[in-house]
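Results of the structural survey
Residues per chain, in single letters:
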Amino acid sequence: MKKNKSKENFIITLCDGPSCIHNKSKELKRDIEIQLEKKGLSDNGRIILSGCLGMCSKGPILIVNPGYTIYGHVTEKDIPEIVESHLVKGKPVSRLIIDEDHLYNRFFRVFGDVGFFGKQMRITLRNCGIIDPESIDDYISLRGYEAIAKILSDMKPEEVIEEVKRSGLRGRGGAGFPTGMKWEFTANQKSDEKYVICNADEGDPGAFMDRSAIEGDPHTVIEGMIIGGYAVGSAKGIVYIRAEYPLAITRLEKAIKDARDSGFLGENILGSDFSFDIEIRLGAGAFVCGEETALIHSIEGSRGMPRPRPPYPSVNGLFGKPTLINNVETWANVPVIILDSADWFRKVGTEKSKGTKVFALAGKVKNTGLVEVPMGTTLREIIFDIGGGIEKGKKFKAVQTGGPSGGCLPEKYLDTPIDYESLAKAGSIMGSGGMIVIDEDSCMVNIAKFFLEFTQNESCGKCTPCREGTKRMLEILTRITEGKGEQGDIEKLERLGNLIKKASLCGLGQSAPNPVLSTLTNFREEYEEHIKHKKCRAGECRLLLDYVINDKCVGCGACKRICPAGAVSGNPKTPHVIDKSKCIKCGQCYEICKFGAVDKK
Amino acid sequence: MMKPLDIIRKKRAEAINRIVGKGYLSTKRVYVGMATCEIAAGSKEVMEVFKEAVNKGLTDVYLSQKGCAGRCNLEPTVEVIEEGKIPVKYGKVNEEKAREIIERHLKGGEVIEEWVIK
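For every chain, the first residue of its written sequence is number 1, and the numbers climb from 1 along that sequence. Going through the entries in the order they are written, you letter the chains from A and number the ligands from 1. In keeping with the model being predicted, local features are shown solely for residues with a pLDDT of at least 70 and side-chain atom pairs are shown and tallied solely at 80 or more, while totals for entire chains, interfaces and linings include all residues. Hydrogens and water molecules were not included; the side-chain quantities draw on all heavy atoms of the structure.

Brief notes about the layout of surface pockets
Taken as a whole, the largest pocket holds about 1,300 Å³ of empty space. Here a helix means four or more residues in a row that DSSP labels H or I, a strand means two or more in a row labelled E, and each is numbered from the N terminus. Element by element, the count of residues in the lining of the largest pocket is highest for strand β8 (residues 323-327) of chain A, at 5 residues. Think of it as three bins: nonpolar holds Ala, Val, Leu, Ile, Met, Phe, Trp, Tyr, Cys and Pro, charged holds Asp, Glu, Lys and Arg, and polar takes everything else, Gly as well. Counted by class, the lining of the largest pocket contains 14 nonpolar, 20 polar and 12 charged residues. Cavity: a set of points on a 1 Å grid over the protein atoms alone where a 1.4 Å probe fits but cannot get out. Pocket: an open set with protein on both sides within 12 Å along at least five of seven lines, its lining residues, like those of a cavity, having an atom within 4 Å of a point. Grid points are joined across faces, edges and corners, and a volume is the space filled by probe spheres set on the points. The computed volume of the second largest pocket comes to approximately 720 Å³. Taken together, 26 residues make up the lining of the second largest pocket; nearest its centre are R109 of chain A together with Y24, R29, I81 and E83 of chain B. Elements with a minimum of two residues in the lining of the second largest pocket: α4 (106-111) and α6 (136-141) of chain A together with α1 (4-21), β1 (28-33) and β3 (78-82) of chain B. In terms of residue class, the lining of the second largest pocket is made up of 13 nonpolar, 6 polar and 7 charged. The residue makeup of the lining of the second largest pocket includes at least three contributed by each of domain 1 (10-116) and domain 2 (136-344) of chain A. Domain delimitation in this document rests on an assignment produced automatically or drawn from a domain database.

Brief notes about the environment of I7 of chain B
Here I7 of chain B lies in helix α1. With near-sequence residues (within four places) excluded, I7 of chain B lies in contact with L270 and G271 of chain A together with M2 of chain B. We call two residues in contact whenever any of their non-hydrogen atoms come within 4.5 Å of each other.

Here's the deal with the sheet that holds strand β11 (residues 396-401) of chain A
Residues and elements named next belong to chain A. Note on pairing: DSSP must find at least two bridges between two strands before they are called paired. With respect to topology, 5 strands assemble into an open sheet ordered β10-β9-β13-β11-β12, the strand pairing being mixed. Every interior strand has two partners, whereas the edge strands, β10 (369-374) and β12 (407-410), have only one. Within this sheet the neighbouring strands show an average axis-to-axis angle of 30°, counted without direction. Inspection of the sheet shows strand β9 (residues 356-363) paired to β10 by 6 bridges, in the antiparallel sense. The partner of F359 across the bridge, within β10, is V371. Inter-axis angles, ranging from 0 to 180 degrees, are taken between N-to-C directions of lines fitted to C-alpha atoms, where helices are fitted over the stretch in contact. The sheet contacts of helix α10 (residues 209-216) involve β9, β10 and β13 (434-439), and relative to β9 the element is tilted by about 115°.

A look at the packing of helix α19 (residues 464-481) of chain A against helix α20 (residues 489-503) of chain A
Residue and element names in this part refer to chain A. Direction vectors running N to C along α19 and α20 enclose 160°, while the axes themselves pass 10 Å from each other. As summarised for this structure, α19 and α20 are arranged roughly antiparallel, according to the angle between their axes. Judged by the twist between their axes, the crossing of α19 over α20 is left-handed. Contacts between α19 and α20 pair P465, C466, G469, T470, R472, M473, I476, L477, R479 and I480 from the former with D489, K492, L493, L496, G497, I500 and A503 from the latter. Grouping the constituent residues of the contact of α19 with α20 by class yields 10 nonpolar, 3 polar and 4 charged. These descriptions rest on fixed angle ranges, namely under 35 degrees for roughly parallel, over 145 for roughly antiparallel, 65 to 115 for roughly perpendicular, and the rest for oblique. Crossing handedness is read from the near helix: turned anticlockwise from the far helix by less than a right angle, it gives a left-handed crossing, and turned clockwise, a right-handed one.

Describing the environment of A286 of chain A
Residue and element names in this part refer to chain A. Of note, A286 is situated in the loop between β7 (277-283) and α13 (292-300). Only protein chains enter the accessibility calculation, which uses a 1.4 Å probe; a residue whose area is less than 20% of its type maximum is buried, one above 50% is exposed, and one in between is partly exposed. When its relative accessible area of 30% is taken as the criterion, A286 is described as partly exposed. Between the alpha carbons of A286 and E458 there is a distance of 6.8 Å; along the sequence they are 172 residues apart.

Let's talk about the pairing of strand β2 (residues 61-66) of chain B
Residues and elements named next belong to chain B. Counting buried positions along β2 gives 5 out of 6 residues, so the element sits mostly inside the fold. As paired elements, β1 and β2 share 6 bridges and run parallel to each other. When the bridges of β2 are listed, Y31 appears paired with S64.

What about the nonpolar core?
Proteins that are soluble and globular tend to have nonpolar side chains buried together. Within the largest apolar cluster, 124 residues are counted, with the highest numbers of intra-cluster contacts made by Y145 and W183 of chain A. The element contributing the most residues to this core is helix α11 (residues 218-232) of chain A, with 8 residues. Discounting chain neighbours no more than four positions away, the residues touching W183 of chain A are V160, I161, V164, I227, G228, A231, V232, L324, N326, W331 and V334 of chain A. Grouped together as the second largest cluster of nonpolar side chains are 22 residues, V49, V88, Y90 and I101 of chain B included. Only buried residues count toward a nonpolar core. Its members are Ala, Val, Leu, Ile, Met, Phe, Trp, Tyr and Cys residues joined through side-chain atoms within 4.5 Å.

Concerning the pairing of β3 of chain B
Residues and elements named next belong to chain B. Most of β3 sits out of view: 5 of its 5 residues are buried. Neither face of β3 is open: one carries V78, V80 and E82, the other E79 and I81, and all of them are buried. Pairing of β1 with β3 involves 5 bridges; the strand directions are antiparallel. If you follow R29 over to β3, its bridge partner there is I81.

Written as structure tokens, this is what we have:
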């Protein structure tokens, strides 16, 4: 903020994506600053460097707000003219204006100047936060349902599949399977009936991407599913969503009804001979039901348990029919690929991972929230540039990606460009997009235990490695955090973990040991300290701590009164002491002391 | 027969007409975040304040709900959008702040800088 509080009259955004940097966006910023200084306008506005705005072929891109005028191919020679004509006289420079307004950058018209959003790229969440999710008119006015009209007018099903294949889109639920191939497999099956399913059984602790997407823009998901149905030859779609998301369900129900009333769902969509309809099935919130075969069993009315694959759902899915299952975020990408073209989509991202990914940024980071960035963005950019760094000036310790199926990555991986392969190579996974930042105050053994506790609870019990193995691993972790760790525990954890990964039936078991194995790789010394020295450096494992009263004690007696074990002794107004042999390490003396006289070591 | 692309063009024109009919071209458009997370942070009460103001005769304002933009720790969020001006994003809005936004910004035209998300 500038010291004088003059009103902000304009905001200039310069695209700072890779190809615009190549075209000297940073130098342009300096040129603009010089020009503004000359005109005495420096205090009247802001200049922002944004993330890739997806108009790479026309870069460098410069946007002037208010008005959201987009200039392309800007060179340093154009700067004086833009400043003089547009900012001083209020007359946009028409010869430089480009008419390129994609679906995705609507969001930036409203939010682009906020630091947290400016570095993002919103494709799947493009409408979230800018339209009324309960108004189909709002969606239609932003080219909603045009993608369906386009395929029904001009594209054969195999052309739609070809387009999705060419886009390079991969499953956003976690596994990263090429979406177009999945569509092709399902389309190639001969069957009188086929199903299209949207997997909205979002269960990772701390993840809420799918909920936000459905609550903020339900029609996008519906439109994606209709396109999928047309491509694979299905007339029936099902959204499997957890009952814990009541508002998302209400909005989805309304959206489906509105779409039906407007002729986007039902018989002969938009006057064509294609018919498709969607119904909602509620899940009871079992984590394993996010696994596709368990999800199918749950819809069929059976207990939600996985089965071995193959056959894959594309061959033998719901009620034995070929079934196309994609996750919410995957579906939300589809209308953009159809309207903005696969060629455009594949320009975003890395060689093997195209497009963007939504992350739910949480934990010890200043700005928590939903972050959608192009694949290839580094963890450092997400955590420090967008997330604003660690809270309270603490030190970064690790970032946990992929939820309970993922791993913890230490500082040395911060500059890893994120895609499916790089995260797997670093020992974690993309997963559905949970991202939890961990600082020096958190114990890595405890974190691993937290995630394993979750998967152990959610294990369906069908296969022995997952059911018994995670239980045994959790027992070992629990005793380590309680100071009862034994020599050889680390090796046992590694052996069990690798075994569970290899022998489990479904993805839940195959990935359950990841949080433990990755912390063992990256933070092995913390495990060793817990086992050998009975110490927790983060001070989180309470049973490993010693509570000691220091010389700040004034003898008020508060700790003595609250101690449930009678471990504190001392006369009024004289320093008290804690009897270590009686102390049960409940920490109540530490909490109640007003004088900072209780240390935990 | 009309092609699906012609039908959607017609439907879009109708949709835009309906939105305009609801007052979209008002001087100020106000969007209140109404996703589960926003509601948990208190946006329902904030929405009520705006609704009440409109019911009591606040004119030239188009009031709408919106989903969550994803700025969790600054919720509830409210946007005030005016043609030809930079969209204003307010964070951590409560009932009291909502009343002040109505008085100072919607009626008085003043952007309350200290609450603006940047």
